[in-house]
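# Coordinate inspection notes
The primary structure of each chain is shown beneath.
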Amino acid sequence: MPSQPPLTGLKVLELAGLAPGPFAGLLLADAGASVLRIDRPSSPSSAPSSPATDLLTRNKTSIALDLKNPRGAALLLSLAREADVLIDPYRPGVLEALGLGPSVLCRLNPRLVYARLTGFRRDASSSRFSAMAGHDINYLAVSGVLALLGRKGQPPTPPGNLLGDFAGGGVMLVLGVLMALLVRERSGRGQVVEGNMVDGVGYLGSFARFALKTPAWDRERGENLLDSGCPWYECYETKDGKWMAVGALEERFFGELVRGLGLAGQGWEEGRRYDRGQWPELRRVLEEAFGGKTRDEWERVFAGTDACCTPVYEYGEMERDRGKEGDQRPAVTLRETPWLAVRKDAENASHGQGPGVEGEGYVGRPLEPGHGGEETLKEWLGWSKGKQFDVEEGGLVLKEKPKL
C-alpha cells in the first residue's frame, strides 16, 4: 500500500482566475494538497462570477468571498493565518489595494508562501508592458519564443496557450512554490514567490536561444533542424488522411526509417540527406511514401523499431482506446507516495492512488462557487456556519473581526 500523496496536509488558498493560476492549484491538489478556491459571490441579478471556463478543478473545493466587504476580507485574513500557500493570479496591485497584499499576509503568517503570477514582468522598471493586459500569445511574443514557431514563409504560429499559460506560467509557479517550501523547512519562514509568463517561457526557450548561435538553428523560421525545416523531423500525411511523426535524427534511426519505408538503396542513408539542396526532393519522396499506406499500416511497420516514427494520435481516439496510451496519469510517478489517481481503476503507483474521477482526465467539470468549501473550513479550522462565519449576499463573512 502506498503512503499518502506527497503534499498531504498542505493548505492552499487559490484566488479564482483563469488557466495558469488554476493549473498551479491543480498540480498541488493532484499531489494531495487541500486546495480551497476563493470565488467572488454571485447575486440574483448577475451571472455566476466564477470563471465559467475554469475546468481545472479536480480535487478542489470553493468558498465565495466578497473581498471588498470588510467581513469577507477578514475571513480571508483568518484563512491566510492558517494556510501554507496562497496563489494570487491578479494583475499587480489588485490585492494590495484591498489590504491583502504580501506585506500584510506574510506579516500575519510568517510561514506563508505567497505565490503571485503575472503575464508580463511585474516590475515597470524592467518591462514596458507591466501595466498592460495580455494573453498567452502576447507573452510568447515578447519573450522571443513565438518568433521561432511556425513554418517557412508563414506567420509565427502560437501553440494554443500551452507554452505561456501552462508551461511557463502554472508549472513554473509551482516549481517556485516547492522551492520556497523546501527553504521553509530550513528557515521556518515562507516568502513571496513571483512568476511571470514572459520569463517562464523565456527560460523554457533556453536551448533554442543557445542553438541560434549554432548550425542547428541559425536560419530563418521553418528552415532549421527542429522547426519543420528538416524533412526527417516532420509530420507526414498517410493514405487515410491521418499523420505520422518522424524524428529520425541519428544515422542509425534514419537508416531504419528508410528501410521501413522501402527507400533503402537510393543513397539517402549514405549522406545524401545532409545536402540541404536535396531536402525538397527528400521531402517529396517521404510524402509520396507515407501517402501509400494508412496510419495503422505504418504503425504496424514501425512497431518495435528505432526508426523514431510514430502515429499522431488525437485526444478523441485516445479517450476511446487506452491501447493508444490514452489513459490520463499523474505527470510524474512517486513510487512510495504517488499522486491522487485520475483513472478510476488505478491499480499502481504510475496511475496514482485513490478512486479516480469522472471523465478520467478528458472531462473537466466546473466547480461552483461554495461547493465543498464549508467542509474544508471545518477540516482546516474546525469552523461551522453560524458560529465562526455566516453567509451575507452570497459570500461568507467572519462573525468577529480577526486579531491582526
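Residues numbered from 1 in each chain as written. Predicted model: local features only at pLDDT ≥ 70, side-chain atom pairs only at ≥ 80, totals over all residues. Heavy atoms only, no water.

An unreviewed UniProt entry lists the chain under the name CoA-transferase family III domain-containing protein, with Parachaetomium inaequale given as the organism. According to the UniProt record, the Sequence similarities (unreviewed entry) comment for the chain is "Belongs to the CoA-transferase III family." (UniProt positions renumbered as here; feature names shortened; annotations may be inferred.)

This paragraph deals with the layout of surface pockets. Roughly 1100 Å³ of volume is contained in the largest pocket. Taken together, 34 residues line the largest pocket, and the ones lying closest to its centre are Leu26, Leu55, Leu56, Arg58 and Gly361. Contributions of two or more residues to the lining of the largest pocket are made by α1 (20–30), β3 (60–64) and α6 (162–187). Among the elements that line the lining of the largest pocket, the one with the most residues is α1, at 4 residues. Among the residues making up the lining of the largest pocket, the classes are represented as 19 nonpolar, 8 polar and 7 charged. Lining the second largest pocket are 27 residues, with Leu18, Pro89, Arg91, Gly134 and Tyr139 sitting closest to its centre. Here the lining of the second largest pocket is composed, by residue class, of 15 nonpolar, 7 polar and 5 charged. (1 Å grid on protein atoms, 1.4 Å probe; cavity = no way out; pocket = protein on both sides within 12 Å on 5 of 7 lines; lining within 4 Å. Points joined across faces, edges and corners; volume = space filled by probe spheres on them. Helix = DSSP H or I, 4+ residues; strand = E, 2+ residues; numbered from the N terminus. Nonpolar A, V, L, I, M, F, W, Y, C, P; charged D, E, K, R; others polar.)

So, about a negative patch on the surface. On the surface, Glu237, Asp240, Asp296 and Glu297 cluster together into a patch of negative charge. Along the chain, Asp296 falls in helix α11 (residues 295–302). (Patch = residues over 30% accessible without salt bridge, like charges linked within 9 Å, V, L, I, M, F, W, Y side chains within 5 Å. Areas by Shrake-Rupley, 256 points an atom, 1.4 Å probe, with all protein chains shown as cover. Salt bridge = Lys/Arg side-chain N within 4 Å of Asp/Glu carboxyl O. Lys, Arg positive; Asp, Glu negative; His and termini not counted. Charge placed at Lys NZ, Arg CZ, Asp CG, Glu CD.)

Looking at where Asp84 falls in the secondary structure, it is placed in the loop between α2 (70–82) and β4 (85–88). A distance of 2.8 Å separates a polar side-chain atom of Asp84 from the backbone nitrogen of Lys11. (Polar contact = N/O pair within 3.5 Å; in protein donor to acceptor, adjacent residues only side chain to side chain.)

Okay, the sheet that holds strand β9 (residues 309–311) next. Strand-to-strand pairing in sheets goes through backbone hydrogen bonds, with the strands running parallel or antiparallel. Pairing in this open sheet of 3 strands is antiparallel, and the strands run β7-β8-β9 from one edge to the other. Strand pairing shows two members of the sheet lacking a second neighbour, β7 (233–237) and β9, which therefore form its edges. Within the sheet, the average angular offset between the axes of one strand and its neighbour, ignoring direction, is 25°. Two strands pair when backbone bridges link them, and strand β8 (residues 243–247) and β9 are joined in this way by 3 bridges, in the antiparallel orientation. (Pairing = 2+ DSSP bridges. Axes fitted to C-alpha atoms, helices over the stretch in contact; angles between N-to-C directions.)

Further remarks concern the nonpolar core. With 30 residues, the main nonpolar core has Leu13, Ile38, Ile63, Leu75 and Leu79 as its most contacted residues. Those elements that place two or more of their residues in this core are β1 (11–15), β2 (34–39), α2, α4 (102–108), α13 (373–381) and β11 (395–398). If one sorts the elements of this core by residue count, α2 sits on top with 7 residues. Setting aside anything within four residues of it in sequence, one finds Leu79 in contact with Leu13, Leu36, Ile38, Ile63, Leu377, Trp380 and Leu381. Membership of the second largest hydrophobic core comes to 26 residues, among which are Val12, Leu26, Ala33 and Val85. (Core = buried A, V, L, I, M, F, W, Y, C linked by side-chain atoms within 4.5 Å. Buried < 20%, exposed > 50% of the residue type's maximum accessible area, 1.4 Å probe, protein only. Contact = heavy atoms within 4.5 Å.)

So, on to the packing of aromatic side chains. Overall, the coordinates contain 10 aromatic pairs when judged by the stated rule. Geometrically, the ring pair formed by Phe120 and Tyr139 is edge-to-face, given 4.9 Å between the ring centres and 85° between the ring planes. Linking Phe120 in the loop between β5 (113–118) and α5 (136–143) with Tyr139 in helix α5, this pair joins segments that are 19 residues apart in sequence. On the basis of relative accessibility, which here comes to 8%, the residue Tyr139 falls in the buried class. An aromatic cluster of three or more residues is present, and its members are Trp232, Phe254, Tyr274 and Trp279. Taking NZ or CZ as reference, Arg272 lies 3.8 Å from the ring centre of Trp268, over its face. A cation over a ring is seen here: Arg273 above Phe254, with NZ or CZ 4.3 Å from the ring centre. (Phe/Tyr/Trp six-rings, centres within 6.5 Å; stacked < 30°, edge-to-face > 60°. Lys NZ or Arg CZ within 6 Å of the ring centre and 35° of its normal.)

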